[in-house]
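# Coordinate inspection notes
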Amino acid sequence: MRTWFCLVVLAACSSSDPAKPDAELPQPDAAGPLALGPLMPQAIALDASAVMATPTVMPITFDVDTNRGDIETFFPQYAASSAWADQTAMYGVGPLTIATPQHVSTAPVTTDAMAEALIRTNTSGATPAWGAASASTLYSIFIPESTTFDDGTGDLCCQDYDGYHDDFMVGGVDVAYAIHCVCPNFPPPGVTALQELTTTAGHETVEAATDPHFETDEAFDDVDAAHEAWTYVTGGELADLCEYADTAYWTDAPGMTYTIQRTWSNAAAAAGMDPCVAGAPATYVQGVPEQPDSAVIAPYGVDVTTTSLKVAKNATGTLTVHLAGTGQGPFTVKAFDIGTEFGASSPYLTFVQPTGTYNVGDTVTISVTVKASDPGLGSSAGAEAFEIDTVPASGPTTYYWGLVSQ
């Protein structure tokens with residue numbers, strides 16, 4: 001399994017998924033006060049003990065990389081900042097240690113296989129240059145600007161993603177590693193290439209610490225079954241769940257001069273607060289769709305029972321959305337088909353968008369028509385994913401994902 005970081009474009013950066021029990025999502029109650037917390041996802045682990053409890057990161061750079069100084073300053077800053085503990089301690093991950101940075105004088109690696117070979121060569125044998133391979137170390141490789149890097153599938157860094165983490169076996173040790181690329185044309189407006197690079201590095205370091213060893217065990221790489229649409233859309237790991245948030249870029253983390261990414265907090269989500277920590281806005285509002293039905297989907301080859309709204313193919317139904325949380329409107333609410341965001345040539349779902357503005361406690365109804373089924377969801381009966389955008393007059397938009405099924 002591999003998870004990609006692709007913050008600025010909504011793409012299928014997904015992860016494999018274990019079988020999970022039947023899902024039941026608490027339904028909004030229009031007759032009483034609506035608590036947002038029970039309606040938000042919770043990150044789950046197949047084995048919560050499979051995290052890196054005592055993580056170390058080893059920065060690995062090539063001599064032609066002009067960003068080496070910033071890279072080697074970034075990691076100690078992140079480790080010393082309260083941001084690291086805020087993002088990882090709740091999942092059983094301890095303080096971050098920085099290993100001696102490694103400088104590679106040869107030409108930069110250009111494929112995933114070359115990256116693995118570089119790590120294997122330097123962590124095995126009688127006197128390995130980087131020390132013996134360690135399951136508690138993230139080998140963090142930085143690809144210099146203008147270097148074309150292929151992850152082994154034909155997808156290219158700075159075209160399809162700007163970083164990822166993975167693992168492989170060195171002898172009998174399951175080794176975690178990350179690839180980070182310098183992508184001047186990848187960041188959104190207002191974000192520099194260096195900010196994107198350190199954001200990617202923070203993203204992958206959190207995910208590798210909380211889900212390091214796909215080869216032998218899976219830790220935090222999914223959400224509860226009721227919210228499986230969130231894993232399908234984002235990828236499901238802790239940084240993935242926040243990478244599309246308007247608040248994703250954290251430019252003023254305590255004690256840091258480098259930008260990192262906010263990542264998912266189960267505690268904040270359960271409290272109905274912005275789940276992307278830390279330093280996110282104090283108020284948080286979501287448009288939560290009613291999902292009263294169940295569906296079996298298999299986006300990663302394993303059946304998962306989740307929640308949905310049933311609408312027959314070529315039929316029209318009503319999607320009911322409740323505005324919940326804290327904060328003042330007015331808000332506009334829109335619904336979007338995920339298929340076209342993932343590259344489908346035509347939408348699987350079409351919507352008649354609501355007009356006007358709404359506030360917390362309001363209910364919004366949206367007409368939805370099923371045009372086709374999304375093959376990526378792997379459902380023989382048919383299913384489609386959608387996104388609800390809740391847009392304030394000023395401030396960050398929030399995004400909620402759900403399913404229509406047949």
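A quick note: this is a predicted structure, and the numbers were derived from the prediction, not measured.

### Description of the pairing of strand β17 (residues 316-326)
As paired strands, strand β14 (residues 284-289) and β17 are joined by six bridges and run antiparallel to one another. Within the sheet, the bridge partner assigned to Gln286 lies in β17 and is Ala324.

### So, the environment of Ser124
The topology assignment puts Ser124 in the loop between α3 (112-123) and β6 (137-143). Separated by 47 residues in the primary sequence, Ser124 and Gly171 place their C-alpha atoms 7.8 Å from one another. In terms of polar contacts, Ser124 uses its side chain to reach the backbone carbonyl oxygen of Arg120, at 2.5 Å.

### Structural notes on α3
Between the first and last C-alpha of α3 there are 17 Å, a value that for 12 residues agrees with the 16 Å anticipated at 1.5 Å per step. Among the residues of α3, Asp112, Ala115, Glu116, Leu118, Ile119, Asn122 and Thr123 are the ones counted as buried. In an axial view of α3, the angular spread of the buried residues amounts to 155 degrees, which keeps them on one side of the axis. Seen from the open side of α3, the exposed residues pointing more than 90 degrees away from its buried face are Ala113 and Thr121. Of the surrounding secondary structure, the elements contacted by the buried residues of α3 are β3 (56-62), β5 (102-104), β6, β7 (163-170) and β8 (173-181).

### Description of the packing of aromatic side chains
One pass over the structure, following the stated rule, counts 13 aromatic pairs. Residues Phe149 and Tyr164 carry aromatic rings whose centres are separated by 6.4 Å and whose planes lie at 45 degrees to one another, so their mutual orientation is tilted. Pair noted here: Phe149 is in the loop between β6 and β7 and Tyr164 is in strand β7, with a separation of 15 residues, a long-range link. Each member of the pair Phe149 and Tyr164 is classed as buried. Joined through ring pairs, the aromatic side chains of Phe74, Phe75, Tyr78, Trp84, Phe142 and Tyr258 make up one cluster.

About the thresholds
Residues numbered from 1 in each chain as written. Predicted model: local features only at pLDDT ≥ 70, side-chain atom pairs only at ≥ 80, totals over all residues. Heavy atoms only, no water. Pairing = 2+ DSSP bridges. Helix = DSSP H or I, 4+ residues; strand = E, 2+ residues; numbered from the N terminus. Polar contact = N/O pair within 3.5 Å; in protein donor to acceptor, adjacent residues only side chain to side chain. Expected span 1.5 Å × (residues − 1). Buried < 20%, exposed > 50% of the residue type's maximum accessible area, 1.4 Å probe, protein only. Arc of directions from axis to C-beta. Contact = heavy atoms within 4.5 Å. Phe/Tyr/Trp six-rings, centres within 6.5 Å; stacked < 30°, edge-to-face > 60°.

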